[in-house]
Amino acid sequence: MNKIPYGRQSITQDDIDAVVNVLQSDWLTQGPNIKSFEDAFANYVDAKYAVAVSNGTAALHLNAIALGVKPGDKVITTPITFVASANCVRYCGGEVIFADIDPETYLLDINKVRELLEKDRDHEIKGIIPVNFAGRVVDMEAFRALADEFNCWIIEDACHSPGGSFTSSVDEKVMSGSGKYADLSIFSFHPVKHIAAGEGGMVTTNDETLYKEILNLRTHGIQQDASKKIENHGIWYYEMQELGYNYRLTDFQSALGLSQLKRADKGLGKRRELAVRYEKAFDGKTYIKRQSGVVPGHAYHLYVVEVEDRPGLYTHLRENNIFAQIHYIPCHLMPYYKQFGWKEGDLPHAESYYKQCISLPMFPTLTDNEQDFVIKKIDEFYN
Ligand SMILES: *Cc1c(COP(=O)(O)O)cnc(C)c1O
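Attention in this report is confined to the structure presented alongside it. (Residues numbered from 1 in each chain as written. Predicted model: local features only at pLDDT ≥ 70, side-chain atom pairs only at ≥ 80, totals over all residues. Heavy atoms only, no water.)

Membership of the largest hydrophobic core comes to 97 residues, with the highest contact counts inside it found for Phe 133 and Ile 378. Those residues in contact with Phe 133 that lie beyond four places of it in its chain are Ile 80, Tyr 106, Leu 107, His 160, Gln 291, Leu 302, Val 304, His 327, Tyr 328 and Tyr 353. (Core = buried A, V, L, I, M, F, W, Y, C linked by side-chain atoms within 4.5 Å. Buried < 20%, exposed > 50% of the residue type's maximum accessible area, 1.4 Å probe, protein only. Contact = heavy atoms within 4.5 Å.)

Another aspect to go through is a nonpolar patch on the surface. Side chains of Ile 11, Ile 16 and Val 20 sit close together on the surface and give an oily, nonpolar patch of about 220 Å² of accessible area. With respect to the element layout, Val 20 can be found in helix 1 (residues 13-23). (Patch = residues over 30% accessible without salt bridge, like charges linked within 9 Å, V, L, I, M, F, W, Y side chains within 5 Å. Areas by Shrake-Rupley, 256 points an atom, 1.4 Å probe, with all protein chains shown as cover. Salt bridge = Lys/Arg side-chain N within 4 Å of Asp/Glu carboxyl O. Helix = DSSP H or I, 4+ residues; strand = E, 2+ residues; numbered from the N terminus.)

This part is about the site of the ligand. The environment of the ligand is formed by 15 residues, the closest being Gly 56, Thr 57, Asp 157, Ser 188 and Lys 193. In the environment of the ligand, an oxygen atom lies 2.9 Å from a nitrogen or oxygen atom belonging to the side chain of Lys 193. Summarising the interface, the protein chains cover 93% of the accessible area of the ligand, which totals 380 Å² for the free molecule. Counting residues per element, the ones that place at least two in the shell around the ligand are helix 3 (56-66) and helix 4 (84-91). By residue class, the composition of the shell around the ligand is five nonpolar, eight polar and two charged. (Near = heavy atom within 4 Å. Polar contact = N/O pair within 3.5 Å; in protein donor to acceptor, adjacent residues only side chain to side chain. Nonpolar A, V, L, I, M, F, W, Y, C, P; charged D, E, K, R; others polar.)

To continue, consider the pairing of strand 9 (residues 184-188). Counting buried positions along strand 9 gives five out of five residues, so the element sits mostly inside the fold. Here strand 9 shows no split at all, with Leu 184, Ile 186 and Ser 188 on one side and Ser 185 and Phe 187 on the other all buried. Across three bridges, the pairing between strand 6 (residues 153-157) and strand 9 is parallel. Bridge pairing in strand 9 links Glu 156 to Ser 185. As judged from the four bridges shared by strand 9 and strand 10 (residues 201-205), these two strands associate in the antiparallel manner. (Pairing = 2+ DSSP bridges.)

Next up on the list: the sheet that holds strand 2 (residues 49-53). Either a parallel or an antiparallel arrangement is found when strands of a sheet pair, and the pairing is made through backbone hydrogen bonds. One open sheet holds the seven strands; their spatial order is 2-10-9-6-5-3-4, and the pairing between them is mixed. A single partner strand is all that each edge strand has here, and the edge strands are strand 2 and strand 4 (95-98). With direction set aside, neighbouring strand axes in the sheet form an average angle of 25°. Packed onto the sheet, helix 3 meets strand 2, strand 6, strand 9 and strand 10 and runs at close to 165° relative to strand 9. (Axes fitted to C-alpha atoms, helices over the stretch in contact; angles between N-to-C directions.)

What follows covers the side chain of Gln 223. Looking at the secondary structure, you find Gln 223 in the loop between helix 7 (208-218) and helix 8 (251-261). Assessed through its relative accessible area of 11%, Gln 223 is described here as buried. From its side chain, Gln 223 meets the backbone nitrogen of Asp 225 in a polar contact 3.1 Å long.

Note that strand 3 (residues 74-77) and strand 4 share four bridges and pair parallel. Looking across to strand 4, one finds that Val 75 is bridged to Val 96. In this fold, strand 3 hands off to helix 4, which returns the chain to strand 4; that crossover is right-handed. (Right-handed = clockwise from strand over helix to strand, strands pointing away.)

Glancing now at the sheet that holds strand 11 (residues 288-290). Reading across from one edge, 11-12-14 is the order of the three strands in this open sheet, with antiparallel pairing throughout. The open sheet has two edge strands with one neighbour each: strand 11 and strand 14 (357-360). Across this sheet, the average inter-strand angle for adjacent strands is 40°, counted without regard to direction. Each of strand 11, strand 12 (303-307) and strand 14 touches helix 9 (residues 264-282); the most contacted strand, strand 12, lies at about 20° to it. Most of the contacts of helix 10 (residues 310-319) go to strand 14, to which it runs at about 25°, and overall it touches strand 12 and strand 14.

Turning our attention to the pattern of salt bridges. As enumerated under the stated definition, the model contains 24 salt bridges in all. A salt bridge links Asp 283 to Arg 290; the shortest N-O distance between them is 3.4 Å. Judged by its relative accessible area of 54%, Asp 283 is exposed. Judged by its relative accessible area of 19%, Arg 290 is buried. For the salt bridge of Glu 380 with Lys 377, the shortest nitrogen-to-oxygen distance reads 3.1 Å. Of this pair, Glu 380 and Lys 377 both sit in helix 13 (residues 368-382), separated by three residues, roughly a single helical turn. Residue class for Glu 380 comes out partly exposed when judged on its relative accessible area of 38%. Connected through salt bridges with shared partners, the residues Glu 208, Lys 212, Asp 225 and Lys 228 form a single ionic network.

As a further point, take the packing of aromatic side chains. The way to describe two aromatic rings as a pair is by their centre distance and the angle between their planes. Evaluation of the coordinates by the stated rule reveals 23 aromatic pairs. With 5.1 Å between their ring centres and 50° between their planes, Phe 37 and Phe 189 make a pair best called tilted. You can see Phe 37 sitting in helix 2 (residues 32-45) and its partner Phe 189 sitting in the loop between strand 9 and strand 10, a full 152 residues away along the chain. Given a relative accessible area of 0%, Phe 37 falls into the buried group. Relative accessible area serves as the criterion here: at 1%, Phe 189 is assigned to the buried category. Taken together, a centroid distance of 5.3 Å and an interplanar angle of 75° make the contact between Tyr 336 and Phe 340 edge-to-face. Judged by relative accessible area, Phe 340 falls into the partly exposed class, the value being 42%. (Phe/Tyr/Trp six-rings, centres within 6.5 Å; stacked < 30°, edge-to-face > 60°.)

Next up, the structure:
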């Protein structure tokens, strides 16, 4: 059996042609492909506005600036995420408060968030960053109600869930990134994610003011809206009104993203089929605990399970050329965050999850044969 990774991008001839077309055009960056990608992506996730940026971390950083994070502010997020979800708060000098996960869904536990907010008498906590970990979309309606009660904003880290959704209290399908409940949502186009652009990211929102602010911040804080310029020296005139960055996505990356987006639904369908196959294979197996079965709207960026003797299984799979992965090492136990006083024992559910979790191969081009091989090797280890 060939090497089977936990995730893998797929590049088609259409993708290659799309990139080559841009390379042969006048615009390598700041051209028309960026807006096309943004419009198509906004449409895909059912949001009004989208801003393409250089990567998901840049998207988080711009969100934190646009929402006004400053030293002294506190922001709540989950420890079971990629470190970037938390780091954006630190870029702005804010303090990260990790709240424990729900041991069934592995998502940020809303009850833990509520406890923290109820104790926050001086309103130091300004925002919440829920993460749709593994592709399972959080109940953003519930988080919105909680955030409104305590006057907080929400950034939805949707890097794992393009195309995913949750079902609202009125039985409505709400797309991840739709901006219906979150102030801002962010996505990544790193090759391990659903849509690959090499590097790349997207901010989506329904808030016009935040949208325009992020457009400005993406390009050095230069005012992009001509009617908002304070002076006008002529048609060459540009005006920097605040401190921004160069966080732009290039046109050839946008073309790749746009081409990949066209088959995103197909890829998502395949991921869901693979998830169902895993679920069936693991049904009744006591050595394996799953992220609460087949969940409607789950985007299955990862297929995470908890197992007995995780190090043993991890090694056994590697010996069979199956490269499973561990997602994630809890952020609060990173040396960087430990310096702020976080320590082992602070978040027991996250820590226990970390000791047992493993991400099994999950990507649209994984064949049934390969998947059966993975399942067989797991069975073999436990029997
Ligand atoms: C990948 C990822 C990011 C960061 O995205 P980059 O494009 O790599 O900067 C942030 N949050 C989560 C949950 C991610 O998986």
